[in-house]
Protein chains: 2
Amino acid sequence: MDDIDKKILMLLQRNAKQNTKEIAEKVGLTVSPTFERIKKLEQQGFIKGYVALLDGSKVGKSIVVYSQISLSVHSRELIDDFKTNIANLPEILGCHHVSGNYDFLLKVAVRDMNEYQQFVVDKLSVIKGISNVQSSFVMEEIKNDTAYIL
Amino acid sequence: MDDIDKKILMLLQRNAKQNTKEIAEKVGLTVSPTFERIKKLEQQGFIKGYVALLDGSKVGKSIVVYSQISLSVHSRELIDDFKTNIANLPEILGCHHVSGNYDFLLKVAVRDMNEYQQFVVDKLSVIKGISNVQSSFVMEEIKNDTAYIL
DNA sequence: CTTGAAAAATGTCCCGT
DNA sequence: ACGGGACATTTTTCAAG
């Protein structure tokens, strides 16, 4: 991983639709070595994949909520149970097990308040072991990058 | 936006490197209409862009922290000031203005604890108007999807 | 929408340095 | 590792049913 590799990763993180020729020019190499570097970065797992990013509100996901979850008991069984429950809910985009004043931080995206209410009542509150849920509605997204600065 | 468009978006959200032929087969159409649908979805802004997703720990971003920020005063000026300050910090991947018990939720990614400390001391605590910072370190990432379920 | 075709652009690989 | 060149595949556009 030299500086050229970093530059390639930076470029691909911003726009994965650039062709090898364009990237080659921007990093100051020809197509062949650039192509090989990209393949290597993929094989070595630096690049997890290539995805399309959608406009949430345009595809009917206008409401984003971050929910802080506290568990009543911190047993291995309860935590594992919670994780599998969470993994299968399509409304949940993110779930992180954190240290601090609460246990899990969820990122939830839904169409509207009605759908959010149904999510909380029918899907979230049903999960065993949750002692507290504290939700914060996103009013504005100042930043939401998938790109790391290398 | 019919069901076929949704299916196309679902496929591109998971893997943007599929070619038109593959997508066409999966949605049950031929290449031509599939190609036109994708172009239309791009032009209409449903697709914001195509990006490469990196492995955070492999590129030297092992520590992820979510920080809840409270402002001392909620004036327009202070909020705008905070937002511009935040936007320029490379450690910050996400920043959401939220309703609830705090004002902003940050997602911070850094190499190690030393870098995190420097970030807090030199960059975050310097910003005017912050009354409280409560940080949660990510111990495990259960889910981190960029894809909405349509 | 489907089929078919065709040109331009890219991706991919091999070889010489 | 890099660069050049050859070949395969894809993208992109188009016409006709």
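As the structure is a computational prediction, the values presented were derived from the model and not from experiment.

Undergrad: Any chance you could explain the relation of the copies chain B and chain A here in plain terms?
TA: For these two chain copies, the linking operation is a rotation about an axis paired with a shift along it. If you rotate chain B by 180 degrees and push it 0.0 Å along the axis, it lands on chain A with an RMSD of 0.1 Å. What we have between these two chains is a two-fold relation. Considering only C-alpha atoms, the part of chain B nearest the rotation axis is V51(B), at 2.9 Å. A high fraction, 100%, of the interface residues of chain B reappear at the interface in chain A, so the copies pair face to face through one surface.

Undergrad: Sorry, what's going on with the protein's contact with DNA strand D here?
TA: Contacts to DNA strand D come from L29(A), T30(A), S32(A), P33(A), R37(A), N19(B), T20(B), S32(B), F35(B) and K39(B). Taking N19(B), its side chain carries an N or O atom lying 3.1 Å from a phosphate oxygen of DNA strand D. In the environment of DNA strand D, a phosphate oxygen lies 3.4 Å from a nitrogen or oxygen atom belonging to the side chain of K39(B). Among the secondary structure elements, those contributing two or more residues to the surface near DNA strand D are α3 (31-43) of chain A together with α3 (31-43) of chain B. Taken together, the residues that form the surface near DNA strand D break down as three nonpolar, five polar and two charged.

Undergrad: Looking at this structure, I do not really get the packing of helix α1 (residues 3-14) of chain B against α3(B). What am I missing?
TA: When two helices pack together, their arrangement is given by the angle between the helix axes and by the axis-to-axis distance. All names here are of chain B. Two numbers describe how α1 lies on α3: the axes approach to 11 Å, and their chain directions differ by 75 degrees. Compared by their axis directions, α1 and α3 come out roughly perpendicular. Two secondary-structure elements touch here, α1 through I4, D5, I8, L9 and L12 and α3 through T34, R37, I38 and L41. Within the contact of α1 with α3, the residues separate by chemical class into six nonpolar, one polar and two charged.

Undergrad: I would appreciate a short explanation of the protein's contact with DNA strand C in the present structure.
TA: In the neighbourhood of DNA strand C, the contacting residues comprise N19(A), T20(A), V31(A), S32(A), F35(A), K39(A), L29(B), T30(B), S32(B), P33(B) and R37(B). Backbone atoms, meaning sugar plus phosphate, form 79% of the atoms of DNA strand C positioned within 4 Å of the protein. In this structure, a base oxygen belonging to DNA strand C sits 3.4 Å away from a side-chain N or O atom of S32(B). One of the side-chain nitrogen or oxygen atoms of R37(B) is found 3.2 Å away from a phosphate oxygen of DNA strand C. Of the residues forming the surface near DNA strand C, the biggest block, four residues, is contributed by α3(A). Here the residues of the surface near DNA strand C sort into four nonpolar, five polar and two charged.

What counts, and where the lines are drawn
Residues numbered from 1 in each chain as written. Chains lettered and ligands numbered in written order. Predicted model: local features only at pLDDT ≥ 70, side-chain atom pairs only at ≥ 80, totals over all residues. Heavy atoms only, no water. Least-squares fit on C-alpha atoms with pLDDT ≥ 70 in both. Contact = heavy atoms within 4.5 Å. Near = heavy atom within 4 Å. Polar contact = N/O pair within 3.5 Å; in protein donor to acceptor, adjacent residues only side chain to side chain. Helix = DSSP H or I, 4+ residues; strand = E, 2+ residues; numbered from the N terminus. Nonpolar A, V, L, I, M, F, W, Y, C, P; charged D, E, K, R; others polar. Axes fitted to C-alpha atoms, helices over the stretch in contact; angles between N-to-C directions. Parallel < 35°, antiparallel > 145°, perpendicular 65-115°, else oblique.

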